[in-house]
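So the chains spell out like this:
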Amino acid sequence: MKLKRNEFTTSFVVLALFAVTAALTLLSAYGAVCVTWDPKYSEPPFSMAFAYVMENLVVFRIANIITWLGALFWGYVIFAFLTQRKGAYIMALLTAIVSFAAGLVPALISDLSKVNEETPFSIGSPHWARTFANLLVIIVLLIPPVRRSVVKFASTENRFTGNIAKQLMMMSLFFFWLSMISFLGTNFMASAHVISGFNYWQLVEIQSLGAYTTSIIGVSMLGGGFILKHFKPANSLITSVEGNH
Amino acid sequence: MLLRDAAPFDVWAISNYRWTEPFLWIVALAALFMGMFLFASYLKTRNKSQLLWTFGFLGIFVFYHTLLASESLEALAGAFSTSMFGLQTALLLPLIPGLFAAGLCYDKDEKLGKSYTIFTIIFSLGYLIMQLMGNTGVVPKYDLIATIFLILVQLISAIIIIALPLKKEGPLFPKNLLTIGGIFMLATNIMMSIQMITATYSGGLRAADGGTLDIMFAIIPFFITIYILCFIYAIFGTKEFGFEIPHVEFEEEK
């Protein structure tokens, strides 16, 4: 089965959308860590500012865990699309729906709580970023021509299918992307947390840790891929022709 | 008064336009992907249009990625940008449309392509020099000359991108997506150009805070997304522009 040019193009734009959604979901997961898990936030003055989190701590913790898992699972979804895995489309749709729900609930709780009216920025907003991104994925995946293109792309044999070396190298790119986003996040998230001249941003440790971890995973996968490549030589870039690799 | 009201509204901060962030990320990443594919295609076909478009897409990636990483839309202000990030990245403003137009010219005629590439490079360099001279503050009106250079390249490039695909043989759709993309590109450039020219006489773009600038910034990223997606589909989605990937066979549409 061969792909049409526009199907190929659509599929790669959609894969870019998945990668962006993964990145925004990861940043959102970092953003909620301090309030959700740090015991300091259960004591004044933080507990007063984040009273709505303390009242719904279980919900926020579950949403945060799902957000972390969702961000990393987008990597598997991209992997599934490029390696002819069955149900890649359904997997993408389900990941988007679950991540959307896990963003919508805390976003609504945050925005509907009274405390937000007295703070200089909308605290619910970080939840909205991942919620909107996942909603966008759901909408895009449900558009009939897009659905047809990505389903065909996912069921078409390509150069990554069955070659572990290339799969490792390809997925290392995803982890490098997450790492880059984590490093950049330390820059622009800090500037988004200045309130009345004081920077409330406290996530430099966990975000740096996330950036180092993902880059180490990326380097290991890339290195592993190169080593394995010596045992199994590379073939063409992407092929949709059976028996051409 | 709520504390939220007390915080000054920074018209340049991307975080004030939340919907636009995912769109700009998609644009940046899709452009990077497509740039790499086009380069692979160029290595196979040695088509100079594709090489110029490769640089165009990579320029888009660098430009919008920098916007996002610096958490500011300053680069869109061109010569009036006050941050180093903005100033450096603003150099891509004339180059991006110029390279796409030059690629289209190459596709039509090699001589025309060469001439337009030289025109783009000379005027982009002129823009750079005038922008730097304006930035030193010695003669602030150099900012206006830089803006005129920028508008000239952007305007001519947009007209080329709109007009040339219409003259190409074969079915209009999706080839004429380039024309639609060119119209959106032109609209974006005109909006920013008007702001820049008026800024020269009204104390700089910063004076426009709270005016029309925030409305424009809410619209512009959507226009950018539309025109870049149009370019992607026109160049990659049809066989008209000769996109190929080594060892890939596409199913050709009749």
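Residues numbered from 1 in each chain as written. Chains lettered and ligands numbered in written order. Predicted model: local features only at pLDDT ≥ 70, side-chain atom pairs only at ≥ 80, totals over all residues. Heavy atoms only, no water.

Colleague: How should the overall build of chain A be read in this particular structure?
Modeller: The helix and strand inventory of chain A stands at nine helices and two strands. Scanning chain A from its N terminus toward the C terminus, one meets helices and strands in the order α-α-α-α-α-α-α-α-β-β-α. Expressed as a percentage of the 245 residues in chain A, the buried residues total 53%. Accessible surface, chain A as shown: approximately 10,800 Å² in total, 71% of it carbon and sulfur. (Helix = DSSP H or I, 4+ residues; strand = E, 2+ residues; numbered from the N terminus. Buried < 20%, exposed > 50% of the residue type's maximum accessible area, 1.4 Å probe, protein only. Areas by Shrake-Rupley, 256 points an atom, 1.4 Å probe, with all protein chains shown as cover.)

Colleague: What exactly am I supposed to notice about the overall build of chain B here?
Modeller: If you tally the helices and strands in chain B, you get nine helices and zero strands. Every one of the 254 residues in chain B was classed for burial, and the buried ones make up 55%. Counting contacts in chain B only where the partners sit at least 6 residues apart, residues at least 24 apart contribute 71% of the total. Carbon and sulfur atoms make up 70% of the accessible area of chain B, which amounts to about 10,900 Å² in all. (Contact = heavy atoms within 4.5 Å.)

Colleague: Honestly, the confidence of the model for chain B in this entry has me stumped. Any pointers?
Modeller: Close inspection of predicted coordinates is inappropriate for parts of the model with low pLDDT. All names here are of chain B. Of all residues in chain B, 83% have pLDDT values of 70 or greater, and the mean over the chain is 80. Here helix 1 (residues 3–6) is the element of chain B with the lowest mean pLDDT, 42, and helix 5 (residues 92–108) is the one with the highest, 91. At the level of chain-chain contacts, confidence expressed as ipTM amounts to 0.72, with global pTM at 0.79. (pLDDT = per-residue confidence, 0-100.)

Colleague: I keep staring at the nonpolar core and nothing clicks. Help me out?
Modeller: Most often, soluble globular proteins keep nonpolar side chains buried together rather than apart. In terms of nonpolar packing, the biggest core is built from 128 residues, with Phe18 and Phe81 of chain A together with Phe57 and Tyr64 of chain B touching the most fellow members. Looking at this core, the element that brings in the most residues is helix 1 (residues 5–37) of chain A, giving 16 residues. Split by domain, the residues of this core number at least three in each of domain 1 (1–160) and domain 2 (162–245) of chain A. Setting aside chain neighbours within four positions, we find Tyr64 of chain B in contact with Leu24, Val27, Ala28, Ile224, Tyr227 and Ile228 of chain B. Cys34, Val35, Tyr41 and Tyr52 of chain A belong to the second-largest nonpolar core, a separate cluster that totals seven residues. (Core = buried A, V, L, I, M, F, W, Y, C linked by side-chain atoms within 4.5 Å. Domains from an automatic or database assignment.)

Colleague: I'm lost on the confidence of the model for chain A in this one. Help?
Modeller: Residue and element names in this part refer to chain A. Predicted confidence across chain A gives a mean pLDDT of 80, with 78% of residues reaching 70 or more. Of all helices and strands in chain A, the one with the weakest mean pLDDT is strand 1 (residues 194–195) (58), whereas helix 4 (residues 57–82) scores best (91). Counting interchain partners and residues more than four positions distant, the pLDDT-below-50 stretch residues 120–124 has 17 contacts. Scored below 50 in pLDDT, residues 241–245 shows 12 contacts in the model against residues more than four places distant or in partner chains.

Colleague: Where do I start with unusual backbone geometry in this structure?
Modeller: For residues other than glycine, phi is negative in most cases, and the peptide bonds are mostly trans. Phi is positive for Gln84 of chain A, close to 60°, though the residue is something other than glycine. Relative to the assigned elements, Gln84 of chain A resides in the loop between helix 4 and helix 5 (88–112). With phi around 55°, Arg46 of chain B is a residue other than glycine that occupies positive phi space.

Colleague: What is the right way to look at helix 2 (residues 20–45) of chain B in this model?
Modeller: Spacing of three or four residues puts side chains on the same side of an α-helix, whose turn is 3.6 residues. Residues and elements named next belong to chain B. End to end, helix 2 covers 36 Å across 26 residues, agreeing with the expected 38 Å (1.5 Å per residue, within 8%). Counting buried residues along helix 2, 19 of its 26 residues qualify, which places the element largely inside the surrounding structure. Following helix 2 by one or two positions, Arg46 has its phi on the positive side, about 55°. (Expected span 1.5 Å × (residues − 1).)

Colleague: Help me out: how do you make sense of the packing of aromatic side chains in this one?
Modeller: Two aromatic rings, taken as a pair, are described by how far apart their centres are and by the angle between their planes. All told, the structure shown has 26 aromatic pairs over all chains when counted by the stated rule. Ring plane angle 80° and centroid distance 5.8 Å describe the contact between Phe12 of chain A and Phe33 of chain B, whose orientation is recorded as edge-to-face. With Phe12 of chain A in helix 1 and Phe33 of chain B in helix 2, the pair connects residues from two separate chains. Taking the relative accessible area as the measure of exposure, Phe12 of chain A reaches 6% and is therefore buried. On the basis of relative accessibility, which here comes to 23%, the residue Phe33 of chain B falls in the partly exposed class. Seen from their ring centres, Phe100 of chain B and Phe231 of chain B are 4.9 Å apart, and the 50° between their planes marks the pair as tilted. Taken as a pair, Phe100 of chain B in helix 5 and Phe231 of chain B in helix 9 (residues 213–236) lie far apart in primary sequence, 131 residues in all. (Phe/Tyr/Trp six-rings, centres within 6.5 Å; stacked < 30°, edge-to-face > 60°.)

Colleague: Explanation requested: a nonpolar patch on the surface in the structure shown.
Modeller: Residue and element names in this part refer to chain B. Taken together, the side chains of Leu152, Leu155, Ile156, Ile159, Ile190 and Ile194 present a nonpolar region at the surface, about 480 Å² in accessible area. For the nonpolar patch, the secondary structure elements donating two or more residues are helix 7 (142–167) and helix 8 (177–201). In terms of residue count, helix 7 provides more of the nonpolar patch than any other element does, four residues in total. Along the polypeptide, Ile159 turns up in helix 7. Looking at Ile159, the relative accessible area reads 48%, which means it is partly exposed. (Patch = residues over 30% accessible without salt bridge, like charges linked within 9 Å, V, L, I, M, F, W, Y side chains within 5 Å. Salt bridge = Lys/Arg side-chain N within 4 Å of Asp/Glu carboxyl O.)

Colleague: Which parts of the structure should I look at to understand the packing of helix 1 of chain A against helix 9 of chain B?
Modeller: A pair of packed helices is captured by two measures, namely the crossing angle of their axes and the spacing between those axes. Two elements in contact, helix 1 of chain A and helix 9 of chain B, have axes whose closest approach is 9 Å; the angle formed by their N-to-C orientations is 145°. Here helix 1 of chain A and helix 9 of chain B pass one another in a crossing that is right-handed. For the pair formed by helix 1 of chain A and helix 9 of chain B, the contact residues are Arg5, Asn6, Thr9, Thr10 and Val13 of chain A on the first element and Leu229, Ile232, Tyr233 and Phe236 of chain B on the second. (Axes fitted to C-alpha atoms, helices over the stretch in contact; angles between N-to-C directions. Left-handed = near helix turned anticlockwise from the far one by under 90°.)

Colleague: Would you explain the side chain of Thr83 of chain A in this entry?
Modeller: In this fold, Thr83 of chain A is placed in the loop between helix 4 and helix 5. In terms of polar contacts, Thr83 of chain A uses its side chain to reach the backbone carbonyl oxygen of Phe79 of chain A, at 2.5 Å. (Polar contact = N/O pair within 3.5 Å; in protein donor to acceptor, adjacent residues only side chain to side chain.)

Colleague: What is the right way to look at the pattern of salt bridges in this model?
Modeller: A side chain of one charge can pair with a side chain of the opposite charge when the charged atoms of the two come close. Residue and element names in this part refer to chain A. Under the criterion given, the structure shown has three salt bridges over all chains. A salt bridge links Glu7 to Lys152; the shortest N-O distance between them is 3.0 Å. In this pair, Glu7 sits in helix 1 while Lys152 sits in helix 7 (residues 144–154), placing the two residues 145 residues apart along the sequence.

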